[in-house]
Amino acid sequence: MRYRFFLMGLLFCGILSAQFSRDSIVTDVVLHQHRVSFDRYMHDKTINAAFEQPLDGNTEDNYREACWTISQFVLKSAEIEKGFKTLFNSYASLEISTKRALLEAVYASYPGEFRVEIQQLIKQETNPKLFAIAAVYLYRTDHSPRNSSSLQQQLHQQFKGSDTLAVLQELDKYLSQHETWTSKPTPAVSSLFSHQKKAGHKIIYSFQRWNRDYPGLAVVQNADGSFCRDEHGQLRVFEQLARSASNLPYFITNGSTPQGIYSIQGIAVSHNHLIGPTPNIQLVMPFEADSVYWHDQVDTTNDALANYLSLLPVSWRSYPPVTEAFYAGKAGRTEIIAHGSTIDPDYFRDKPYYPLTPTMGCLCAREDWNIFNGRINASEQLNLVNTFLATPGDTGYLIVINIDNQLKAVSRDEINQWVNEFEKDTK
């Protein structure tokens, strides 16, 4: 049976709500021999054998699957470059799903090498999502005001109704505002803590950098406003990566995790081998499942954005980056959850986020597996889930925030400062 490497069509067991034992978590996916076989098959069959075939209607599926695999594992090789050139040469005749897989893989693994090809194809691109991927590729290679303006002009010329399409609206904002927001401070983080204490929700905060190459940290605030601490009184923090493998922007499917508010719907276990058997936190976004997003606490006389912003203190409601999740949901993003990973971290050994592993847009916590018996040595995901479940209830909200653009992982000291400030003010 052929391996399938991309994280699509997730299937979940029933929602769970108890504490979980590390001893109960085991999988053969992480065993050394399985990883060796996986790697060999991936390179020899899924990628190289696919790209050696002539590209036609009978082999396009194989080319597409190769691209999804390249994107997930951020791979580079001479064979991959040859395959990409074949796909670019036949771009006009490809299915939309193949075009998307190609552009995502190129964005993930070759940040500037295919600029000429993408400059040519974007001129004729009529699909909004494909145009957006091509535009952000060109923006990343040159984010000067002049290039940003040129891309915006091209956007408006090629899509006369761009102001009615959510993905193009977000692209327009991204091209004009991204550089500005990465250099601006957030509103006071402690005000978030105070607001949520009054609201009485259980909250997970995931603090990240604008540059998602650097891992973030998550903390849990209980419904009574207190923060979860260990037996020594130390704040419990959990390593979490909000970078997707492609690292596309927040409003594009499979892009890195959008900032903003997610509704926690409980705990589940995935059947996806790359996610693994560690319990995950089920999340929904605005527009994805509005019937449950609000936990039955919604003012039906307000519009969706007003209700979304009401979950935040006043000082945060005029801070646009915190609405990324709202507009990403409007643009069609779904299936973002917080989970663990069985992916071999050695694929990313040269990356700043090693040994964490990127996903297709979810929040991924660090896990260390025993490659000889398939059991888990240590799991930030398991610790996060059990900490969240340590007080009554398995629902609430998760808020993702880029705190600044420092080129380093988020530290415990930074979060301690905000929590201490909050606790001092509420004594």
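Preceding this paragraph is the structure being described.
The next subject is unusual backbone geometry. Residue Tyr354 is joined to Pro355 through a cis peptide bond whose omega torsion reads 10°. Of note, Pro355 is situated in the loop between strand 6 (338-339) and strand 7 (363-365). Backbone geometry places Asn247, a non-glycine residue, at a positive phi of 65°. Position of Asn247 among the secondary structure elements: in the loop between strand 3 (238-241) and strand 4 (260-268). In this structure Asn247 comes out as partly exposed when scored by relative accessible area, which is 22%. Unlike most non-glycine residues, Glu335 shows phi in positive territory, near 60°. Looking at where Glu335 falls in the secondary structure, it is placed in the loop between helix 12 (324-330) and strand 6. Given the relative accessible area of 41%, Glu335 is considered partly exposed.

Glancing now at the nonpolar core. Counting residues in each nonpolar core, the largest one holds 126 residues, and the members touching the most others are Phe84, Leu171, Phe193 and Phe207. Sorting elements by how many residues they give to this core places helix 6 (residues 128-141) first, with ten residues. Not counting the four nearest positions on each side in its chain, Phe193 is found in contact with Tyr205, Phe207, Gln221, Phe227, Trp418, Val419 and Phe422.

Right, let's talk about the environment of Val29 for a bit. Note on placement: Val29 falls in the segment before helix 1 (32-52). Judged by its relative accessible area of 9%, Val29 falls in the buried class. Measuring from C-alpha to C-alpha, the distance between Val29 and Asp344 comes to 9.7 Å, with 315 residues separating the pair along the chain. What Val29 contacts, discounting residues up to four positions off in sequence, is His34, Arg35, His273 and Thr342.

Calculation rules
Residues numbered from 1 in each chain as written. Predicted model: local features only at pLDDT ≥ 70, side-chain atom pairs only at ≥ 80, totals over all residues. Heavy atoms only, no water. Helix = DSSP H or I, 4+ residues; strand = E, 2+ residues; numbered from the N terminus. Buried < 20%, exposed > 50% of the residue type's maximum accessible area, 1.4 Å probe, protein only. Core = buried A, V, L, I, M, F, W, Y, C linked by side-chain atoms within 4.5 Å. Contact = heavy atoms within 4.5 Å.

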